[in-house]
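Each chain, letter by letter, is given below.
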Amino acid sequence: MIDNTPNRNPGPRNLLARKTVYFTVELAVSLALLTLVHVVSDRVQAPLTANHGRGWDGVWYAQMAEQIANGQPVSAPAPFVYRIGVPFLASLADTRDIVHGFRKVNIAATYLTTFLLALWFRLSIDGAGLRFFFLLLFLCNWLAPPRVVHIYPANVDVWAYPFLLIMLLLIHTSSRWKSLTRVIVIAVLCAVGVLVRETVAIVTVAVPFAYNPLRLISTGGRLHLAWRGRMIRFLLPTGCALMVLVTVHQFVHPVGRGGSFWLAAMMWSYSKSWLAYCHSWFVAFGPILFIPVYHFRDVLQYFSHRQYQAAYMAALVMITLVSPADIERHVLVAVPIIYTLIAYLVEKYWRVWSMPLVMGIVLISQALASRVFFTIAPDEGVHPAYVLLTPLSSRTPWHDLFPLFAIPRIAVTSFWEYVVLGVALLLFVRFRSLKGCISAVRVAFFRARNCITWTSEALSPSPSDVASSDGYTAAHK
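Since this is a predicted model, take the numbers as computed values, not measurements. (Residues numbered from 1 in each chain as written. Predicted model: local features only at pLDDT ≥ 70, side-chain atom pairs only at ≥ 80, totals over all residues. Heavy atoms only, no water.)

What to know about the overall build of the protein chain
Okay, step 1: Secondary structure assignment for the protein chain yields 22 helices and 6 strands.
Okay, step 2: Looking at the 477 residues of the protein chain, the share that counts as buried comes to 46%.
Okay, step 3: When contacts within the protein chain are restricted to residue pairs at least 6 apart in sequence, those whose partners lie at least 24 apart make up 70%.
Okay, step 4: Roughly 25200 Å² of accessible area belongs to the protein chain as shown, and the carbon and sulfur atoms make up 67% of that amount. (Helix = DSSP H or I, 4+ residues; strand = E, 2+ residues; numbered from the N terminus. Buried < 20%, exposed > 50% of the residue type's maximum accessible area, 1.4 Å probe, protein only. Contact = heavy atoms within 4.5 Å. Areas by Shrake-Rupley, 256 points an atom, 1.4 Å probe, with all protein chains shown as cover.)

Some remarks on unusual backbone geometry
Okay, step 1: Look at the link from Ala78 to Pro79: it is a cis peptide, with omega at 5°.
Okay, step 2: Its location among the elements puts Pro79 in the loop between strand 1 (75–76) and helix 3 (85–93).
Okay, step 3: Here the phi dihedral of Arg371 falls at roughly 60°; this positive angle occurs in a residue that is not glycine.
Okay, step 4: Mapped onto the elements of the fold, Arg371 is located in the loop between helix 19 (356–369) and strand 5 (387–388).

Structural notes on helix 2 (residues 58–69)
Okay, step 1: For helix 2, which comprises 12 residues, the first-to-last C-alpha distance of 16 Å matches the rise-based estimate of 16 Å (1.5 Å per residue) to within 8%.
Okay, step 2: Buried within helix 2 we find Gly58, Tyr61, Ala62, Met64, Ala65 and Gln67.
Okay, step 3: Directly beyond the C-terminal end of helix 2, a positive phi value near 75° is found at Gly71. (Expected span 1.5 Å × (residues − 1).)

Description of the side chain of Glu328
Okay, step 1: With respect to the secondary-structure elements, Glu328 resides in helix 16 (residues 328–331).
Okay, step 2: The residues touching Glu328, leaving out its near neighbours within four places in the chain, are Leu143, Ser280, Val283, Ala284, Phe402 and Pro403.

Structural notes on empty space enclosed by the protein
Okay, step 1: As enumerated under the stated definition, the model contains 4 cavities of 30 Å³ or more in all.
Okay, step 2: The computed volume of the largest cavity comes to approximately 130 Å³.
Okay, step 3: Along its surface, the largest cavity is lined by 18 residues, and Val283, Leu389, Pro391, Leu401 and Ser414 are the ones closest to its centre.
Okay, step 4: Elements with a minimum of two residues in the lining of the largest cavity: helix 12 (274–285), strand 6 (390–391) and helix 20 (408–431).
Okay, step 5: If you tally residues by element for the lining of the largest cavity, the top one is helix 20, at 4 residues.
Okay, step 6: Classifying every residue of the lining of the largest cavity by side-chain character gives 13 nonpolar, 3 polar and 2 charged.
Okay, step 7: Where the lining of the second largest cavity is concerned, the elements lending two or more residues are helix 7 (160–172) and helix 16.
Okay, step 8: Taken together, the residues of the lining of the second largest cavity break down into 3 nonpolar, 2 polar and 3 charged. (1 Å grid on protein atoms, 1.4 Å probe; cavity = no way out; pocket = protein on both sides within 12 Å on 5 of 7 lines; lining within 4 Å. Points joined across faces, edges and corners; volume = space filled by probe spheres on them. Nonpolar A, V, L, I, M, F, W, Y, C, P; charged D, E, K, R; others polar.)

Considering the state of the cysteines
Okay, step 1: Counted according to the given criterion, the structure contains 0 disulfides.
Okay, step 2: Lacking any disulfide linkage, Cys240 is separated from the closest cysteine sulfur, that of Cys190, by 8.0 Å.
Okay, step 3: Among the residues examined, Cys240 registers a relative accessible area of 17% and is labelled buried. (Disulfide = S-S within 2.5 Å.)

Thoughts on the side chain of Arg147
Okay, step 1: Relative to the assigned elements, Arg147 resides in helix 6 (residues 145–151).
Okay, step 2: Although Arg147 lies buried, it forms no salt bridge, and the closest oppositely charged side chain, Asp42, sits 13 Å away as judged by the N-O distance.
Okay, step 3: Here the side chain of Arg147 touches Cys140 through a polar contact of 2.8 Å, landing on its backbone oxygen.
Okay, step 4: One polar contact links the side chain of Arg147 to the main-chain carbonyl oxygen of Phe374, over a distance of 3.0 Å.
Okay, step 5: Once residues lying within four places of it in the same chain are set aside, the contact partners of Arg147 are Val37, Ser41, Leu139, Cys140, Asn141, Trp142, Ser370, Arg371, Val372 and Phe374. (Lys, Arg positive; Asp, Glu negative; His and termini not counted. Salt bridge = Lys/Arg side-chain N within 4 Å of Asp/Glu carboxyl O. Polar contact = N/O pair within 3.5 Å; in protein donor to acceptor, adjacent residues only side chain to side chain.)

Looking at the confidence of the model for the protein chain
Okay, step 1: The predicted model of the protein chain has a mean per-residue pLDDT of 81, with 78% of residues at 70 or higher.
Okay, step 2: Throughout residues 472–477 the model reports pLDDT below 50, and contacts reaching past four residues in sequence, or to other chains, amount to 0 contacts. (pLDDT = per-residue confidence, 0-100.)

Re the pattern of salt bridges
Okay, step 1: Applying the stated criterion across every chain yields a total of 11 salt bridges.
Okay, step 2: Taking the shortest distance from any N to any O, the salt bridge between Asp157 and Arg329 comes out at 2.7 Å. Within this pair, whereas Asp157 is found in the loop between helix 6 and helix 7, its partner Arg329 is found in helix 16, the two being separated by 172 residues in sequence. Each member of the pair, Asp157 as well as Arg329, carries the same accessibility label: buried.
Okay, step 3: Overlapping salt bridges, with partners in common, bring together Asp57, Asp157, Arg197 and Arg329 in one network.

Quick look at the layout of surface pockets
Okay, step 1: Put simply, the second largest pocket is a space of about 650 Å³.
Okay, step 2: Along its surface, the second largest pocket is lined by 23 residues, and Cys278, Trp281, Phe282, Leu289 and Val293 are the ones closest to its centre.
Okay, step 3: Listed by contribution, the elements that provide at least two residues to the lining of the second largest pocket are helix 12, helix 13 (290–294), helix 14 (296–304), helix 15 (307–321), helix 17 (335–348) and helix 20.
Okay, step 4: If you tally residues by element for the lining of the second largest pocket, the top one is helix 12, at 6 residues.
Okay, step 5: Taken together, the residues of the lining of the second largest pocket sort by class into 21 nonpolar, 2 polar and no charged.

Let's talk about the packing of helix 8 (residues 181–193) against helix 10 (residues 236–251)
Okay, step 1: Contact pair helix 8 / helix 10: the axes reach a minimum separation of 8 Å and the direction vectors enclose 25°. Considered as vectors, helix 8 and helix 10 are oriented roughly parallel to each other. Classified by chirality, the crossing of helix 10 by helix 8 is right-handed. Here Val183, Ile184, Ile186, Ala187, Cys190 and Ala191 of helix 8 come into contact with helix 10, specifically with Leu236, Pro237, Cys240, Ala241 and Val244.
Okay, step 2: For the contact of helix 8 with helix 10, a count of residues per class yields 11 nonpolar, no polar and no charged. (Axes fitted to C-alpha atoms, helices over the stretch in contact; angles between N-to-C directions. Parallel < 35°, antiparallel > 145°, perpendicular 65-115°, else oblique. Left-handed = near helix turned anticlockwise from the far one by under 90°.)

Here's the deal with the environment of Arg395
Okay, step 1: By the secondary structure assignment, Arg395 is in the loop between strand 6 and helix 20.
Okay, step 2: Counting along the chain gives 12 residues from Arg395 to His383, while the straight-line C-alpha distance between them is 7.8 Å.
Okay, step 3: Ignoring anything within four residues of it in the chain, the contact list for Arg395 reads Ala377, Pro378, Asp379, Gly381 and Val382.
Okay, step 4: In terms of polar contacts, Arg395 uses its side chain to reach the side chain of Asp379, at 3.3 Å.

Here's the deal with the environment of Leu33
Okay, step 1: Looking at the element boundaries, Leu33 is found in helix 1 (residues 12–44).
Okay, step 2: Residue Leu33 is classed as partly exposed on the basis of its relative accessible area, which comes to 25%.
Okay, step 3: Taking the C-alpha atoms as reference points, Leu33 and Cys140, 107 residues apart in sequence, are found 9.8 Å from one another.
Okay, step 4: Setting aside its immediate chain neighbours within four residues, Leu33 contacts Leu136 and Leu139.

Here it is, written out as structure tokens:
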């Protein structure tokens, strides 16, 4: 007897075809969302008017692009003069309007970044809903490439994202590190990427940790570094990046106000406030950064199984500690690591973070911090009267959005609002209801009052102490 029942278990080939179709649909939706963000931003966001639309650092990048287009020697202050990659592309894109050339090549970079980020989320996050949520967070962030190219087109930071994402994807998908092929590809990408921005080289720190070489030895509790193969292969990307940087230093001409890198690094690391530094991370990523703060033990476990991501984050922290004051645009390159970490924690503790009250607070505060409802003043603007995590005005000047550049009233207000929000989220997550939070606050208040009362009573002099003190005073008159 022949069984004509269709096979309900698809074969490997059909399963692969189905996954390919799903990813194609996700990619099409992702690129459509990016296009929507570009269309809306182009209509509502005017570009900066400072220095004829070139901004501040963009003055030197535009000057370099004009020099390349005219066949002149490249000269600009250090370190801008060493970042010749994007100015070269801008000079090819539009020789008559250099700022428009930067806009063209940076918009192209946003499409490449979105494609790579969608692929990264596909490999790292299980739920399709979470993948679209975090991609939308990236697209709507006021400092992320899709929006920043419309306010500040003459910048080179946008092209750092594709290089970093490609190299992180190569490390993430590596199954056999005995072959030099993948390391050589990373070395080539790193050598080209440092022409865009020197921070691309932080991936070289992550390469040696691709297969989790740190092992905890059970006897004695010591850490053992189990390198596989020869260490020389892991130094190849670093060597290529250094070689390209040295070569560029020989062909360009730094002029003007460029100074010593080490002197500038020491100055910035000394002058930075740790509170302002932590505040800058929240300004870049928003209140969702409280999720890994709350589950810090799970974060340590997560990075112990993904040591290359831990090395990447450690290198980024070290660099941003000695970088200039506007570190928000530098730390944002941690988007693939931070977002996948938060997605992992949300999936693991879904019952906690999916509570209506908690989810509502996180979504509303994240939308405010991302400035979904506000644009940025293209000119000097006006200092806003109200601040709720971020200045609540579309006339806010560019510098008031960065804690280390903003006027003290805005920076301090935003910082303490993040502190209050973090404590509120901690209470809501811990006690699961508004009534429970109020009860916990009341208990804490009464305990603090009783502690203060007990301390004041314990420290106040007793009658016997007063009598002995009076006797001592009378005896010595």
